[in-house]
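Structure at a glance
Listed below are the residues making up each chain.
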Amino acid sequence: MSQSVTRRQTLALLTASAGATLSTTLATAETVSAAPTAQSPFTLSLNMSTIRGHKLGFVKELETASKAGFRAVEIWIETLQTYLASGGTLPEARKRLSDLGITVENAIGFAPWIVDDEAARAKGTDQLKREMDQLAQIGCKRVATPPIGAQSPGSPKIDLYKAAERYRAILDIGDKTGVVPQLELWGFSPNLNRLSEVMFIAIESGHPSARVLLDIYHLYKGGSGNTMLPLVGKPAIEVFHVNDYTADLTREKITDADRVYPGDGVAPIKETLKLIKRSDKPIVLSLEVFNKLYYAQDAQVVANTAMAKMKAMVTGV
């Protein structure tokens, strides 16, 4: 009898031991599978300005970007609306994006939300709301809001406190639509041409969703540079426009059309990316150029080159 008990005890011990080993193995496997994977600090995106001169249309632009390897894009609202006017629908656009594996990270629009003229501003705000509603239906969560209507050389200087109130108003619309206005710096404009101005407006708006949309070229053109970017604060930047400029053009003479691929000029791109990168969330780096020499090339060649240049740009950052 005692020998039989011993056998049973031994078997029980072996079973318990095997179970414990299996439990430990499974727990370890679960821990490994749940462990966070290394995440790139940047998402590479193509702003459709880069192939806008080819006049491909909304769908062909997406296909070209996808074929080049982009999984994120910035669309132009005008191109989307042309697509809709030609018989396309928002559900079809969303399905096309899904089929291509592309997300629209931001949209480029030109609604005059900031101007002093009350009637013009009300009209611009209504336009922006309609556009936000459209963007929400294709899964886009952001829209650029530059100082449209106040960007010409003769435009009067807008009071920054009033600008902050107006930005707050469109941020409130963003709360309802799910599309956040990105306050865009334009270096050539009399308004919103300095980093200090866009930061003042964003902070003074008092809205937690306030974000700024900056650009390598525009920081240079407006005279802000990249030195003070660490003071912006990482949550304020979700999308950042990248490009380059050559040494043969002064800050005063350079224009939008003079921008070139990253790495083909003298802009402090890698230094700038090191200043803005985040460890908690990737920043969308979107290539925005308007180069006529690129427009003269095949669109797919331009998109492919853009991807190669951007991959080299983030290497080692």
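Everything numeric in this text was worked out from a predicted model, so none of it was measured. (Residues numbered from 1 in each chain as written. Predicted model: local features only at pLDDT ≥ 70, side-chain atom pairs only at ≥ 80, totals over all residues. Heavy atoms only, no water.)

1. Thoughts on the pattern of salt bridges
All chains considered together, the criterion is met by 17 salt bridges. Put simply, Glu-288 and Arg-259 hold a salt bridge, and the shortest N to O gap is 3.3 Å. Note that Glu-288 is positioned in the loop between strand E8 (283-287) and helix H10 (292-295) and Arg-259 in the loop between strand E7 (239-242) and helix H9 (269-276), a separation of 29 residues in sequence. Each member of the pair, Glu-288 as well as Arg-259, carries the same accessibility label: buried. Each of Glu-105, Arg-142, Arg-211, Glu-238 and Lys-281 takes part in one network of salt bridges that share partners. (Salt bridge = Lys/Arg side-chain N within 4 Å of Asp/Glu carboxyl O. Helix = DSSP H or I, 4+ residues; strand = E, 2+ residues; numbered from the N terminus. Buried < 20%, exposed > 50% of the residue type's maximum accessible area, 1.4 Å probe, protein only.)

2. Observations regarding helix H2 (residues 58-67)
Of all 10 residues making up H2, seven are buried, and the element is well covered by its neighbours. Phe-58, Val-59, Glu-61, Leu-62, Thr-64, Ala-65 and Ser-66 are the residues of H2 that are buried. Tucked into the core, H2 has its buried residues touching strand E1 (42-47), strand E2 (72-76), helix H3 (77-85), helix H4 (90-100) and helix H11 (299-314). One or two residues past the end of H2 sits Gly-69, with phi positive at roughly 105°. (Contact = heavy atoms within 4.5 Å.)

3. Some thoughts on the packing of aromatic side chains
Working definition: an aromatic ring pair is given by the centre-to-centre distance plus the angle between the planes. Tallied over the entire structure, the rule returns nine aromatic pairs. Plain terms: the ring middles of Trp-76 and Phe-290 are 6.0 Å apart, the flat faces sit at 70° to each other, and that makes the pair edge-to-face. Taken as a pair, Trp-76 in strand E2 and Phe-290 in the loop between E8 and H10 lie far apart in primary sequence, 214 residues in all. Considered together, Trp-76 and Phe-290 belong to a single accessibility category, that of buried residues. (Phe/Tyr/Trp six-rings, centres within 6.5 Å; stacked < 30°, edge-to-face > 60°.)

4. Considerations on unusual backbone geometry
Look at Lys-55: it is not a glycine, yet its phi comes out positive at around 55°. In this fold, Lys-55 is placed in the loop between E1 and H2. Residue Lys-55 is classed as exposed on the basis of its relative accessible area, which comes to 73%.

5. Quick word on helix H6 (residues 160-177)
With 18 residues, H6 extends 25 Å between its outermost C-alpha atoms, agreeing within 8% with the 26 Å of an ideal straight helix rising 1.5 Å per residue. Burial in H6 covers these residues: Ala-163, Ala-164, Arg-166, Tyr-167, Ile-170, Leu-171, Ile-173, Gly-174 and Thr-177. Here H6 starts with a cap whose side-chain oxygen sits 3.0 Å from the backbone nitrogen of Tyr-161, and that cap is Asp-159. The positive-phi residue at the C-terminal boundary of H6 is Gly-178, with phi of around 85°. (Expected span 1.5 Å × (residues − 1). Polar contact = N/O pair within 3.5 Å; in protein donor to acceptor, adjacent residues only side chain to side chain.)

6. Observations regarding the nonpolar core
The biggest cluster of nonpolar side chains holds 88 residues, and the ones touching the most others in it are Ile-75, Leu-135, Ile-138 and Phe-240. Element by element, the count of residues in this core is highest for H11, at seven residues. In this structure Ile-75 touches Met-48, Phe-58, Leu-62, Leu-80, Val-104, Asn-106, Ala-107, Ile-108, Leu-135 and Ile-138, once residues within four positions along its chain are discounted. (Core = buried A, V, L, I, M, F, W, Y, C linked by side-chain atoms within 4.5 Å.)

7. Some details on the pairing of E8
For E8, the tally of buried residues reaches five of five residues, placing the bulk of the element in the interior. Taking every second residue as pointing to the same face, both faces of E8 are buried, with Ile-283, Leu-285 and Leu-287 on one and Val-284 and Ser-286 on the other. Here E1 runs beside E8; their pairing, made up of five bridges, is parallel. Residue Phe-42 lies in a different strand from E8, and its bridge partner there is Ile-283. Pairing analysis gives four bridges linking E7 to E8, with the strands arranged parallel. Each residue of the ladder has a partner; that of His-241, found in E8, is Ser-286. Tracing the backbone out of E7, into H9 and back to the parallel element E8 gives a crossover that is right-handed. (Pairing = 2+ DSSP bridges. Right-handed = clockwise from strand over helix to strand, strands pointing away.)

8. Some thoughts on the packing of H2 against H3
At a closest axis distance of 8 Å, the pairing of H2 and H3 adopts a crossing angle of 125°. Of the possible angle classes, the one that applies to H2 and H3 is oblique. Contacts between H2 and H3 pair Phe-58, Val-59 and Glu-61 from the former with Thr-79, Leu-80 and Tyr-83 from the latter. Residues of the contact of H2 with H3, tallied by class, amount to four nonpolar, one polar and one charged. (Axes fitted to C-alpha atoms, helices over the stretch in contact; angles between N-to-C directions. Parallel < 35°, antiparallel > 145°, perpendicular 65-115°, else oblique. Nonpolar A, V, L, I, M, F, W, Y, C, P; charged D, E, K, R; others polar.)

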